[in-house]
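# Structural characterization, general
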Amino acid sequence: MAAPRLIAFDVNETLLSLEPMMRSLEAIFGADAPTGEWFARLLHGSLVANELDQYRPFGDIGAEALINLAARRGLRLRAEDALAAIAPMSELPPHPDVIPGMERLHSAGFQLVALTNGSSEVANAQIKNAGLEDYMMRVISVDEVGRFKPDAMVYRHAADVMGVALDEMLLVASHDWDCAGAMAAGAEAVFINRPGVKWGLPTEPPRYHVPDIGKLASALGA
């Protein structure tokens, strides 16, 4: 794999585990809480916001998605309770491979940034609470452009603020839509196929896919 000038990491699920959200949602829904369905509806809401040009913070859309999900199951959830339920998003733990892998990439001299749909406030808290702030040159939030990934504007903005060409940026994500968006914009991408994650789009996947950040570091010679 050719060494990029900039590596941009998606945050939620790619670097950080959603397990605390599972426990938070279990308090509302009981065992087998629909965490995956909630996250999918959150992403759905962000895509609708892009299409209708109605940008608002990712957390607000997450609360809306949770209220809707509860209603579909016959539960009435107040807005303040929904916001409290998604508060653990600020303190998600890193996957076990992340810190060792980031240390290798950082030590090898790669420029590393976070590129996330989360708000600036939440995203910076996530990176700090996960112990990743020493590795990241910058946390780039979609707040800065008012559009959610996979809109091409987000990837162009990340390259611009870091002073690189789009084709010199590598987007690392465990979401097929994020990788596809980056590639459509002109960046390179690596798909992190974490357990239970499969490429599900009809478009071709990236040339490179790895199971974790350590394998990414190895592929880049770090």
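The structure we're discussing is the one just above.
This report concerns the structure included in the present document.

### Describing the overall build of the protein chain
For the protein chain, the helix and strand inventory stands at 9 helices and 6 strands. Taken over C-alpha atoms, the radius of gyration comes to 17 Å for the protein chain, in line with the 17 Å a tight globule of 222 residues would show. Based on the C-alpha atoms only, the size of the protein chain along its principal axes is roughly 50 × 35 × 35 Å. When burial is assessed residue by residue, the protein chain has 50% of its 222 residues classed as buried. Here the contacts in the protein chain between residues at least 6 apart in sequence split such that 63% fall between residues at least 24 apart. When the 18 basic and 29 acidic side-chain charges of the protein chain are each reduced to a single mean position, those positions are 3 Å apart.

### Things to note about the packing of helix α1 (residues 19-29) against helix α3 (residues 58-72)
Where α1 meets α3, the closest approach of the two axes is 12 Å, and the angle between their N-to-C directions is 35°. Between α1 and α3 lies a crossing of right-handed hand. Packed against α1, whose contacting residues are Leu25, Ile28 and Phe29, the element α3 presents Leu66, Leu69 and Ala70 at the interface. Of the residues contributing to the contact of α1 with α3, the split by class is 6 nonpolar, no polar and no charged.

### A few points about the packing of aromatic side chains
Summed over all chains, the structure comprises 4 aromatic pairs. Taking the centre distance of 5.7 Å and the plane angle of 40° together, the rings of Phe58 and Phe148 count as tilted. Placement of Phe58 in helix α3 and of Phe148 in the loop between β3 (138-141) and α7 (152-161) is noted, with a sequence separation of 90 residues between them. Per residue, the accessibility class of Phe58 equals that of Phe148, and both read buried. On the numbers, 5.3 Å between centres and 85° between planes, the contact of Phe191 with Trp199 is edge-to-face. Comparing Phe191 with Trp199, the two get one shared label, buried. Ring pairing ties together the aromatic residues Tyr55, Phe58 and Phe148, which thus form one cluster.

### Regarding the pattern of salt bridges
Scanning all chains against the criterion turns up 13 salt bridges. Of the charged contacts, one joins Glu19 and Arg23 as a salt bridge, the two residues approaching to 3.5 Å between their closest N and O atoms. Here Glu19 and its partner Arg23 are both found in helix α1, 4 residues apart, which amounts to about one turn of the helix. The salt bridge partner of Asp53 is Arg147, with a shortest N-O separation of 3.7 Å. Here Arg147 lies in the loop between β3 and α7 and Asp53 lies in the loop between α2 (35-52) and α3, a separation of 94 residues in the sequence.

### Brief notes about helix α6 (residues 120-129)
Restricting attention to buried positions, one finds in α6 the residues Ala123, Gln126 and Ile127. On an axial view of α6, the arc spanned by its buried residues comes to 95°, and they lie on one face. Among the exposed residues of α6, those pointing more than 90 degrees away from its buried face are Glu121 and Lys128. Where α6 is buried, its residues meet β2 (111-116) and β3.

### Digging into the sheet that holds strand β1 (residues 6-9)
Strand order in the open sheet made by the 6 strands is β3-β2-β1-β4-β5-β6, with parallel pairing throughout. Each having just a single partner strand, β3 and β6 (208-210) make up the two edges of the open sheet. If you compare each strand with its neighbour and ignore which way they point, the axes differ by 25° on average. The strands that helix α8 (residues 176-185) touches are β4 (169-173) and β5 (188-192); relative to β5, the one it contacts most, it runs at about 170°.

### Some points on unusual backbone geometry
Most peptide bonds adopt trans geometry, and most residues besides glycine take a negative phi value. Cis rather than trans, the peptide bond between Lys149 and Pro150 has omega equal to 15°. Structurally, the position occupied by Pro150 is in the loop between β3 and α7. With phi around 55°, Asp53 is a residue other than glycine that occupies positive phi space.

Criteria and cut-off values
- Residues numbered from 1 in each chain as written.
- Predicted model: local features only at pLDDT ≥ 70, side-chain atom pairs only at ≥ 80, totals over all residues.
- Heavy atoms only, no water.
- Helix = DSSP H or I, 4+ residues; strand = E, 2+ residues; numbered from the N terminus.
- Rg over C-alpha atoms; globule rule 2.2 N^0.38 Å.
- Buried < 20%, exposed > 50% of the residue type's maximum accessible area, 1.4 Å probe, protein only.
- Contact = heavy atoms within 4.5 Å.
- Lys, Arg positive; Asp, Glu negative; His and termini not counted.
- Charge placed at Lys NZ, Arg CZ, Asp CG, Glu CD.
- Axes fitted to C-alpha atoms, helices over the stretch in contact; angles between N-to-C directions.
- Left-handed = near helix turned anticlockwise from the far one by under 90°.
- Nonpolar A, V, L, I, M, F, W, Y, C, P; charged D, E, K, R; others polar.
- Phe/Tyr/Trp six-rings, centres within 6.5 Å; stacked < 30°, edge-to-face > 60°.
- Salt bridge = Lys/Arg side-chain N within 4 Å of Asp/Glu carboxyl O.
- Arc of directions from axis to C-beta.
- Pairing = 2+ DSSP bridges.

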